[in-house]
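Architecture and fold: a report
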Amino acid sequence: MSFLLLSIMQRISNDKLRYMILKKNVMLKEKGLTLVEIAIVLILIGLIIGLGAALIGPIVKKIKINETRELIDANVESILGYATVMRRLPSNEIEFQQNVRKSKDSWGKDIKYIVFGNFTNGTNVICPTNATGMGFTVNLPDGRKVTSVAFMLISGGPNYNIQTRFDNGTNNIWLIYDNSTSITVYAPGPPNVDDYPGDFLRAEEYDDIAKWVTVYELMQRAGCAQEGMGDEGPLRFVTYSLPLAYQGQPYTADVVAVGGVPFNGTGGRYRWYYNQNPPANLSIQPSNGTHRDILTISGTPSCPGSTNLLITVEDSKGNRVSRTFTLNIQANPLGLSPTPGTTFYTTNGTPFSVTISPYGGNGSYSHTCPNPQACNGLTRVCTNTDATISGNNPNPPGTCSFTVSYSNTCGQSVSGTYYVIIQGGPTTTTTQPPTTTTTQPPTTTTTQPPTTTTTQPPTTTTTTTTTTTTTTTTTTTTTTTTTLTNCASCGYYNNLQACQAACQGARRYCVQATCGNNPNCYKCESDIQPLLTVGVTGALHKDTMINNCSTDGFKTIWELGLKEKLDYFEADREINREHLKERISRAIEKGLSYMLNTKNFPQDHWSN
């Protein structure tokens, strides 16, 4: 008794202790953050934001500096291109803005354009007979001087303030005609400087971005070194690259040159040379060392690859210009049709044939598969045009694999494996009933001889003749083997697995069907499987459906299934519609009652 009381008291003590611990935990959870803790969190957030802001500024500044340097480089190239074609430099702000990539830097300020005016007036002024004394001077931070500068571009940099020393007021373009004019640039960083009065007068670290081109650089880019230059300027290519070619597709590309002193009356303006013939099935017009206005590469390339052609053009004065052009030919990959890995189905004893063809490349193929390859009555034979897998009597059932390989003269190749599944088709054996030959039972003839009466005692003689007939029964068994119709001839499938694989992607289901004399085929049925059948087979999630559906909901689902089932049988005309409706209606009532009572589908009790 005392032991029992001790146990009860210990139990009560343990329960009280657990209650106190639980209450303390709840109070701690409800307590939340103190003001000190909130202050610490806010301080940390402030530090993170401050560090981020401190890092973002320098990163953005560096990005914009690099963008502006690239922009000025691109603008210089644009001006040189303009000078090469127009034979002069842009002469005003509109021409400058129209012929450069962008006239404002990454900070949105105008880029200054300073140019020696003698290269902007008139035509063909890029190549003076005497360049001495042409251009202005740029003073460098180390004391050196760059003379004969043709033009210069300047950006104010990240501080929005141009500090380079020159004086053109507030204009964005400055035409200089005095070759004694000088412009001074400074080393980046301190000391603070501001020598341009056209914007802010604010001395600070120098951060301008500037680039210049000398007179001799300009003349070299314009081709002024050639003698006998005509009105069109120096001899030069205006074609810089060749378009991409594609294997097996017609191709044409022109190489055009202008300038120099063209030939007259010789069949073409220029004489053309090239260091090698183009790739196979391509040709060049004109022939090497002959005249034509332009050079043309044409044809249908047969093989992929890359070829470098060194092309030279010559004018009537013997001036020559050469350029290397790269001709890239994109491959047209070899392929096989049907796609490698395809699986075909047939039935043993049923003739089978399929053709596999190469495509792509240059249209010429050579097979590289050893012939023949045989498996279970099927044989694969390759030719240079296609491969065939065939057989009149595939047998025994099983899976065969065949490899098909092709290549061409370009070194391209393709290989693929195909599978044929031979299925065992059922046979029907018919036995004729036995043939029985029966003779009549034996006949016995008894002859009573006459009785003679004499004085002697009478003697009676009896002769019995018996004829025996043997009855022979002969049983003849005749076995007839009937080949069933191939299901594929009706658009059906030979087995359930093949049917399900084909129907699953179309969200349809498989049913057994008869093709000819073969009742063991399968076909795809409509997308809406009767809900009655779905419910009985348990394809729906029964727990979710039972817990979430009311009686009316069940009835609606079962009646929809009933309608689909009736339409299905009506279409096939298998049974009387009204009779089926009456039977299934009774089944629905029983099924609903069963499901509502048991919370389950009547899978095992459908017959009830």
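Up top is the structure.
Presented here is an overview of the structure given in this document.

Each value, and the rule that gives it
Residues numbered from 1 in each chain as written. Predicted model: local features only at pLDDT ≥ 70, side-chain atom pairs only at ≥ 80, totals over all residues. Heavy atoms only, no water. Helix = DSSP H or I, 4+ residues; strand = E, 2+ residues; numbered from the N terminus. Buried < 20%, exposed > 50% of the residue type's maximum accessible area, 1.4 Å probe, protein only. Areas by Shrake-Rupley, 256 points an atom, 1.4 Å probe, with all protein chains shown as cover. Pairing = 2+ DSSP bridges. Phe/Tyr/Trp six-rings, centres within 6.5 Å; stacked < 30°, edge-to-face > 60°. Lys NZ or Arg CZ within 6 Å of the ring centre and 35° of its normal. Axes fitted to C-alpha atoms, helices over the stretch in contact; angles between N-to-C directions. Salt bridge = Lys/Arg side-chain N within 4 Å of Asp/Glu carboxyl O. Disulfide = S-S within 2.5 Å. Patch = residues over 30% accessible without salt bridge, like charges linked within 9 Å, V, L, I, M, F, W, Y side chains within 5 Å.

1. Concerning the overall build of the protein chain
Of the regular secondary structure elements, the protein chain holds nine helices and 33 strands. Sorting the 608 residues of the protein chain into buried and exposed places 34% on the buried side. Taken as a whole, the protein chain presents about 36000 Å² of accessible surface, with 53% of it coming from carbon and sulfur.

2. Focus on the pairing of strand β24 (residues 378–382)
Judged by which residues are buried, β24 turns out to be one-sided: Leu378, Arg380 and Cys382 face inward and are buried, whereas Thr379 and Val381, on the alternate face, are not. In this structure, strand β23 (residues 373–375) lies alongside β24, joined through three bridges in antiparallel fashion. Its bridge partner being in β24, Gln373 is matched across the sheet by Arg380. In textbook terms, the turn of a hairpin is the stretch between consecutive antiparallel strands, and for β23 and β24 this stretch comprises two residues, one of which, Asn376, has a positive phi near 50°. Connecting β24 to the next strand, strand β25 (residues 387–391), in antiparallel fashion are four residues.

3. Focus on the packing of aromatic side chains
Summed over all chains, the structure comprises 10 aromatic pairs. Centroid distance Phe96 to Tyr113: 4.8 Å. Interplanar angle 10°. Geometry classified as stacked. One end of the pair, Phe96, is in helix α3 (residues 93–99); the other, Tyr113, is in strand β1 (residues 112–116), with 17 residues separating them in the sequence. Looking at Tyr113, the relative accessible area reads 0%, which means it is buried. Three or more aromatic residues joined by ring pairs make a cluster, and in this case those are Phe96, Tyr113 and Phe151. The aromatic ring of Tyr273 is capped on one face by Arg320, whose charged end is 4.4 Å from the ring centroid.

4. Concerning the sheet that holds β24
Spatially, five strands are ordered β19-β21-β25-β24-β23 in an open sheet, and the strand pairing comes out antiparallel. The open sheet is flanked by β19 (335–337) and β23, the only strands paired with a single partner. Sheet twist, expressed as the mean angle between neighbouring strand axes with direction ignored, is 15°. Note: strand β21 (residues 352–359) against β25, five bridges, orientation antiparallel. Bridged to Phe352 within β25 is Gly391.

5. Remarks on the sheet that holds strand β17 (residues 305–314)
Spatial ordering of the open sheet is given by β10-β18-β17-β13-β15, a layout of five strands whose pairing is mixed. The open sheet has two free edges, formed respectively by β10 (245–246) and β15 (291–292), since each of these has just one partner strand.

6. Description of the pattern of salt bridges
Following the criterion strictly, the structure yields eight salt bridges and no others. Here Asp110 makes a salt bridge to Lys104, at a shortest N to O gap of 2.7 Å. Note on Lys104: relative accessible area 36%, which makes it partly exposed.

7. A short note on the state of the cysteines
Inspection of every chain in the model, using the stated rule, returns five disulfides. Covalently, Cys303 is tied to Cys410 through a disulfide, its sulfur atoms 1.9 Å apart. Since a negative S-S torsion denotes a left-handed disulfide, the Cys303-Cys410 link at about -80° is left-handed. Linking Cys303 in the loop between β16 (295–299) and β17 with Cys410 in the loop between β26 (398–407) and β27 (413–423), this pair joins segments that are 107 residues apart in sequence. A residue is classified by how much of its surface remains accessible, and Cys303, at 24% relative accessible area, is partly exposed. Judged by its relative accessible area of 21%, Cys410 is partly exposed.

8. Details of unusual backbone geometry
A cis amide bond links Gln285 to the next residue, Pro286, at an omega of 10°. Tracing the sequence through the fold places Pro286 in the loop between β14 (282–285) and β15. Of note, the amide linkage connecting Ser337 to Pro338 takes the cis form, showing an omega dihedral of 0°. Along the chain, Pro338 falls in the loop between β19 and β20 (343–347). We note that Ser148 has phi near 55°; this positive angle belongs to a residue other than glycine. On the basis of relative accessibility, which here comes to 14%, the residue Ser148 falls in the buried class.

9. Some thoughts on a nonpolar patch on the surface
A contiguous nonpolar patch, built from Leu33, Leu35, Ile38, Val41, Leu42, Ile45 and Ile49 and spanning about 720 Å² of accessible area, is present on the exposed surface. Along the chain, Ile45 turns up in helix α2 (residues 35–86). What makes Ile45 partly exposed here is its relative accessible area of 42%.

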